[in-house]
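# Observations on the three-dimensional arrangement
Letter by letter, the chains look like this.
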Amino acid sequence: MRAPAAVDKRKKGVLLAALAVLVLFPFAGATFYTELVTKVMILAIFALSLDLLVGYTGLVSFGHAAFFGVGAYALGLLAPKYEAANLWLTLPAAIALAGICALFVGAFVIRVKGIYFIMVTLAFAQMFYFVFHDTRFGRGSDGISLNFKPVAVIGNFTPFDLANATHVYYFVFVAMLLVFIFLRVLLRSAFGRALQGIRSNEHRMRSLGYPVYWYKLASFSIAGALAGLAGYLSALQFGFVNPELLSWHQSGNVLLMLILGGVGSLYGAVAGAFAFVALQELYSALTTHWQLLLGGTIILLVIFLPGGLSSVADRFKHTVVGEPEDE
Amino acid sequence: MSDAVLSTQGLSRRFGGLMAASSVAIELHRGRLHAVLGPNGAGKTTLINLLSGDLPATAGSISYKGEDITRYSADRRSRIGIGRSYQKTNIFPGFTAFENCRLAAQSRAPRLLHVFADAERYRPVCEAALRALDAAGLAAQRDRVASALSHGEQRQLEIAMVLATAPEVLLLDEPLAGMGAEEAQRMVALLQKLAPAHAILLVEHDMDAVFAVADVITVMVNGQVLESGAPAQIRASPAVRRAYLGEDDAAAAGRRDAS
Amino acid sequence: MDIFSFLIQLLNGLQYGLLLFLVASGLTLIFGIMGIINLAHGSFYMIGAYMAFSLSTLTGNLFIAIVVGIVLSVILGVALEWALFSHLYKRDHLEQVLLTYGLILVFEELRSLIVGNDVHGVAVPAIFNWSIPLTESLSYPVYRLFMSAVCIVLAVLLYLLIAKTRIGMMIRAGSSNREMVQSLGLNINLVYRLVFALGVALAAFAGMLAAPVSSVYPGMGTGVLIICFVVVVIGGIGSIWGALVASLLIGLADTFGKVLIPQAAGVTVYLLMAAILLWRPEGLFRRV
């Protein structure tokens, strides 16, 4: 169980240093790097959302990209053609839509467990992919371009400009912090503890009187909604959405981020996103066939290092950076 | 004599050609400890599984306080007051003993809408958990991770978790399994303390313990009820001895009793 | 639609279903017996198809290509099981999913390196390259009938293997209790290796068989994998019989769906899956 508060001084130091680096980063380098780290933070939100499901509720979903895509397409489809969308309207709408889609899919997939669950989540994600790829509703395989970035206007006041890469960076940074804190708080609550109980021993939870199906459905929906948030931010950053956002490659990559960082750790999810993009950048610099290297890395990682980066850190220190692992 | 809290009629469970439980009729009353004995394969664990909802019945009915609960799921039965402990320790290994019980107690007050309050700040649930730990003799171990507890302590935690759900009916599946003499004595004392306020069904192999605490004993063989009655009656019954102990042992037991 | 068009679609649906069965039976065998979920199973189908293309271009004869291809797939299956999958038996689902996902990436890139990303056609062998006339304008390709026949034969052989032979008995025993089989002195590792190689060979063979009809293209592995998952979910995991029924159901649903509601294209299959999930989540049949 997560031990409350009491993070020791050394860990606090590392965390503060990391935060400081992130806060100061845009001033240090070129726009290219600012945008890259923005992309990583968006993926970190995506990974965090999946960690709620996989790492804390014990539901391994191979279709999480579907909700990421719904959030992204929400912006693409809701944005008017000839003027900018309003951030404060479209963002909540995207989150809500993704959450509702997750609720819908969850109602079906949570009826099955284990291997079946992995398979049906993948299947449903493919269904969503087909909807966006093959139907007129999704505008087809070419995707949708945003003519204007959304504006963050409230009344007459525009606090920040989403066409500016640095503003987008800080907006995403704050979003990531908020998601992190939200999940941290959620996991300490009665609901969050029940989820962790389900991951630890679902049979006993049922035997103790918990209506496990509803807890899982709630977790699935919240995870989907947060993935939608990440998807929206992605659409915002690139100004472009296409069906590949919902591909099972995306679903596989986000699972990979979790195993890189260590499943069941919020810090691990964030670290995993950074590690994944670092690997991706490194390998694509080496060869166009970088997926070969990535695939090989995944295989070696699973065979030799199933605990992810967290377990490496474990070997050198007695405590993991951040949260103490309980199992 | 109080009315039966939990009773079954013709309760059966078939697996293909095998009748694991056949037309079992059993009654549990508040304040009475009802033990179930029988050789391996007699259907004792099947019976508990049928009562707790872990296994659906293929025939027969179960009634709880006048309500037909035959089709109720395991979690629903727990919510209405039927608690069950497992023979194979079924705890949350990665959590502390306290958290194990806290989760159990929380099931009575799920507070689903309280998504922001730290669950450990909710006193009523925490206090219920501590009371359960205390009753099971684990108060000193509260902050130890469950997987680090000794086997006997884990069995105590098994019981503590059920107690934390404040049930009216206790279905206990071999709580003494694997315990040393001293731990077993403590567990027996606990059972005696719990008996007045609960309706207890106890499945056990430890004969001494059973005869020490049981008010009623049911003997099962091959999925069927062989005989049911007061401990003295069961002890004296030739049919029970033959079935359970075998002819020679029955004679030997008779000689032992006489001395 | 008239009777002949209906007949054509029916035959197409059955043929597609039977082909799916070959691939899905391998998947469900591997999971049912060894407890491993293998995302890369679709890649074997793709590898089979590309082998058919390369080898038939090399030798000029599809049949020789297929025979060589089967031998190569068995070798591949044994090598993979020995090197990678034997590590997965005690691992949890997440790790199995990730390792096999990595394997898909590796296979796809290797294919890209070795053969490239183009779409290729494979010629139908001359003796099957004709059609049975049904009406003045409609006829049915004999090769497709041949495909269905081969699949049926294989299905029967598979049934005989699992249900009637000693090896089949060992396979079924190994699925329920690995340690027990081992303690009986039977070499469980060998059994698993054979089962895995069988699964790979079935999938690859299906790809080779299908190549002249579906052509050979990069995305074919993923496409068939996901449909196979739907088959296994509907049919029940570990059940060969369930895989057969579900494959035929899906083959027919997909074929008729595409004809009757072209806009909904591939969605019919998922709707079927959703319906089964609502009605009988454990699948139509239990374990084999």
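Residues numbered from 1 in each chain as written. Chains lettered and ligands numbered in written order. Predicted model: local features only at pLDDT ≥ 70, side-chain atom pairs only at ≥ 80, totals over all residues.

## A word on the overall build of chain B
Broken down by element type, chain B carries 10 helices and 11 strands. Taking 18 Å as the expected radius of gyration for a compact globule of 259 residues, we find that chain B reaches 19 Å, a close match to that expectation. With the C-alpha coordinates of chain B rotated into their principal frame, the extents come out at 65 × 40 × 40 Å. In chain B, which comprises 259 residues, the share counted as buried stands at 45%. (Helix = DSSP H or I, 4+ residues; strand = E, 2+ residues; numbered from the N terminus. Rg over C-alpha atoms; globule rule 2.2 N^0.38 Å. Buried ≥ 20, exposed ≤ 12 C-beta atoms within 10 Å, placed from the backbone.)

## Regarding the overall build of chain C
What chain C contains, in helices and strands, is 11 helices and two strands. In chain C, the order of α-helices and β-strands from amino to carboxyl end is α-α-α-α-β-β-α-α-α-α-α-α-α. Relative to a compact globule of 288 residues, whose C-alpha radius of gyration would be 19 Å, chain C shows 19 Å and is just as compact. By principal-axis analysis of the C-alpha atoms, chain C measures approximately 65 × 50 × 35 Å. In chain C, which comprises 288 residues, the share counted as buried stands at 47%. Sequence separation of at least 24 residues holds for 76% of the intrachain contacts in chain C that already meet a minimum separation of 6. (Contact = placed C-beta atoms within 7 Å.)

## Some thoughts on the interface of chain B and chain A
Between chain B and chain A, the residue contacts involve 27 residues of the former and 23 residues of the latter. Going through the elements one at a time, helix H2 (74-80) and helix H3 (97-106) of chain B are the ones with two or more residues in the side of chain B that touches chain A. In terms of residue class, the side of chain B that touches chain A is built from 11 nonpolar, nine polar and seven charged. (Nonpolar A, V, L, I, M, F, W, Y, C, P; charged D, E, K, R; others polar.)

## Considerations on the environment of Phe-276 of chain A
Residues and elements named next belong to chain A. Structurally, the position occupied by Phe-276 is in helix H10 (residues 266-286). Separated by 23 residues in sequence, Phe-276 and Asn-253 have C-alpha atoms that sit 8.0 Å apart. Those residues within four positions of Phe-276 in sequence are excluded, and the remaining contacts are Asn-253, Leu-256, Met-257 and Leu-260.

## Here's the deal with the interface of chain C and chain A
The interface of chain C with chain A comprises 36 residues on the first partner and 35 residues on the second. Of all the secondary structure elements, the ones that give two or more residues to the side of chain C that touches chain A are helix H4 (93-114), helix H9 (220-235) and helix H11 (267-279) of chain C. Considering every element that reaches the side of chain C that touches chain A, the biggest residue donor is H4 of chain C, with 16 residues. Residues that form the side of chain C that touches chain A fall into these classes: 27 nonpolar, six polar and three charged.

## Overview of the confidence of the model for chain C
Across chain C, the average pLDDT comes to 85, with 92% of residues at 70 or higher. For this predicted complex, the interface score ipTM comes out at 0.89, while the overall pTM is 0.90. (pLDDT = per-residue confidence, 0-100.)

## Description of the sheet that holds strand E4 (residues 33-37) of chain B
Residue and element names in this part refer to chain B. Read from one edge to the other, the open sheet built from six strands follows the order E7-E8-E9-E4-E10-E11, with strand pairing classed as mixed. Every interior strand has two partners, whereas the edge strands, strand E7 (82-85) and strand E11 (224-229), have only one. Neighbour-to-neighbour, the strand axes of this sheet turn through a mean angle of 15 degrees, independent of strand direction. As paired strands, strand E8 (residues 169-173) and strand E9 (residues 199-203) are joined by five bridges and run parallel to one another. Following the sheet pairing, Val-169 is matched in E9 by Ala-199. (Pairing = 2+ DSSP bridges. Axes fitted to C-alpha atoms, helices over the stretch in contact; angles between N-to-C directions.)

## Points about unusual backbone geometry
All names here are of chain B. Although it is not a glycine, Ala-166 adopts a positive phi angle of roughly 50 degrees. Its location among the elements puts Ala-166 in the loop between helix H5 (151-164) and E8. Overall, Ala-166 belongs to the partly exposed group, with 16 C-beta atoms counted inside 10 Å. Even without being glycine, Asn-222 reaches a positive phi, approximately 50 degrees.

## Some points on the environment of Ala-49 of chain C
Topologically, Ala-49 of chain C is positioned in helix H2 (residues 41-59). Residues contacting Ala-49 of chain C, with those up to four places away along its chain left out, are Gly-207, Met-208, Ala-210, Ala-211, Val-216 and Met-220 of chain C.

## Some words on the arrangement of the chains
Counting contacts across all two pairs of chains that touch, the top-ranked interface belongs to chains A and C. The least C-alpha distance between chain B and chain C, which are not in contact, is 13 Å.

## Quick look at H2 of chain C
Here H2 of chain C is 19 residues long and its end C-alpha atoms lie 27 Å apart, about the 27 Å a rise of 1.5 Å per residue gives. The buried fraction of H2 of chain C amounts to 15 of the 19 residues, a majority that puts the element mostly inside the structure. (Expected span 1.5 Å × (residues − 1).)

## Re the pairing of E8 of chain B
All names here are of chain B. Across the five residues of E8, five count as buried, placing the element largely inside the fold. Burial of the side chains of E8 extends over both faces: Val-169, Leu-171 and Asp-173 are buried on one face and Leu-170 and Leu-172 on the other. Where E7 and E8 come together, four bridges link them in parallel fashion. Its bridge partner lying in E8, Arg-84 is registered against Leu-171.

## Here's the deal with the packing of helix H7 (residues 190-207) of chain A against helix H8 (residues 212-238) of chain A
Residues and elements named next belong to chain A. Between H7 and H8, whose axes approach to 11 Å, the crossing angle comes to 155 degrees. Classed by the angle they form, the pair H7 and H8 counts as roughly antiparallel. In the crossing of H7 with H8, the sense of the turn from one axis to the other is left-handed. Residues Ala-194, Leu-195, Ile-198, Glu-202, Met-205 and Arg-206 of H7 lie in contact with H8, whose contacting residues are Val-212, Tyr-215, Lys-216 and Ser-219. When its residues are assigned to classes, the contact of H7 with H8 shows six nonpolar, one polar and three charged. (Parallel < 35°, antiparallel > 145°, perpendicular 65-115°, else oblique. Left-handed = near helix turned anticlockwise from the far one by under 90°.)

## Section: the environment of Ile-64 of chain C
By the element assignment, Ile-64 of chain C lies in helix H3 (residues 62-83). Separated by 44 residues in sequence, Ile-64 of chain C and Glu-108 of chain C place their C-alpha atoms 25 Å apart.

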